[in-house]
Amino acid sequence: ETLKGDALPPALMSLRRLYLSHNELATLPTSWLLWAYGITALDLSHNQLARVPPLEACRELVKINLSQNRIRAVTNLEHLASLKVLDLSANAIASAAGLRMLSLNRALSELHLAGCPITGQATHRAQLLHYVPGLESLDGATVGKGKLQAARDKQQQLAAKKEKARRPKRR
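For the structure given in this document, a descriptive report is provided here.

What counts as what
Position numbers for residues start from 1 in each chain and track the written sequence from start to end. In keeping with the predicted nature of the model, local features appear solely for residues at pLDDT of at least 70, side-chain atom pairs appear and are counted solely at 80 or more, and the whole-chain, interface and lining totals rest on all residues. In computing side-chain values, all of the structure's heavy atoms are included and hydrogens and water are not. Strands are runs of DSSP state E lasting at least 2 residues, helices are runs of H or I lasting at least 4, and numbering of each runs from the N terminus. Three labels apply to residues, based on accessible area from a 1.4 Å probe with only protein chains included: buried if under 20% of the type maximum, exposed if over 50%, partly exposed otherwise in between. Contact between two residues is taken to exist if any of their heavy atoms lie within 4.5 Å; hydrogens are not considered. Values of accessible area rely on a 1.4 Å probe in the Shrake-Rupley scheme; residue burial ignores everything except the protein chains shown. Definition of a polar contact: a pair of N or O atoms within 3.5 Å, with one able to donate and the other able to accept a hydrogen when the atoms are protein atoms, and with sequence-neighbouring residues admitted only if both atoms are side-chain atoms. Between any two strands, pairing holds if DSSP finds at least two bridges.

Some details on the overall build of the protein chain
Each helix and strand counted, the protein chain has three helices and seven strands in total. When its helices and strands are written in sequence order, the protein chain yields β-α-β-β-β-β-α-β-β-α. Taking all 171 residues of the protein chain together, the buried fraction comes to 38%. Considering only intrachain contacts with a sequence separation of at least 6, the fraction spanning at least 24 residues in the protein chain is 40%. For the protein chain, the accessible surface area stands at approximately 10,100 Å², while carbon and sulfur atoms represent 51% of it.

Take a look at the structure:
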């Protein structure tokens, strides 16, 4: 059967994994996800999404792939208590502020941001680890407690340098 408008075949209600990649989706009809309360994996990669679709009905989600879209800030995931893996690679996320809501995803242990503008910032790792202290993997690299402390130290050093540069020089 084909998907038309908001109508879905009843068999879709038993899905656990939903793959909607490479479909040029700019939005996702809310009614498509109302029935999807049992899905554990959702792939919306390689689409045209500018924001994360509302996923409040999908409370069982463990893994979401939103790579290769146009997302600038992450919202609509804060209620997903089971979310462990999130792929946001190759999106338009340029600042840590766009990821701040991930601090509410306590189970999140794996995050992918490769190809996002934020990865060019020297402090992005430290900021992310501050927001999501439970991260075990960032862009495929293991994040241990030592790396967490090193990232925090680097962030503090860079902040101190910026503060020093702002102060007027004495003569």
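Side note on the side chain of N65
Here N65 is to be found in strand β3 (residues 63-65). According to the relative accessible area criterion, N65 is buried, its value standing at 18%. Looking at N65, its side chain comes within polar contact range of the side chain of S67, at 2.7 Å. If we skip the residues at most four places from it in the chain, N65 touches L42, D43, L44, S45 and D87.

Points about the environment of S14
With respect to the secondary-structure elements, S14 resides in the segment before β1 (17-19). Owing to a relative accessible area of 53%, S14 belongs among the exposed residues under this scheme. Taking C-alpha positions, S14 is 7.2 Å from G38, a pair spaced 24 residues apart along the chain.

A look at the sheet that holds strand β7 (residues 141-142)
The strand order β1-β2-β3-β4-β5-β6-β7 describes an open sheet built from seven strands, whose pairing is mixed. Of all strands in the sheet, those bounded by a partner on one side alone are β1 and β7. With two bridges joining them, strand β5 (residues 110-112) and strand β6 (residues 137-138) adopt parallel strand pairing. The residue of β6 that forms the bridge with E110 is S137.

Things to note about the environment of L108
Mapped onto the fold, L108 is located in the loop between β4 (85-87) and β5. Separated by 26 residues in the primary sequence, L108 and S82 place their C-alpha atoms 7.8 Å from one another. In this structure, L108 is in contact with L83, K84, V85, L86, L102, V132, G134 and L135, ignoring residues within four places of it in sequence.

Keep in mind these values describe shape, not function.
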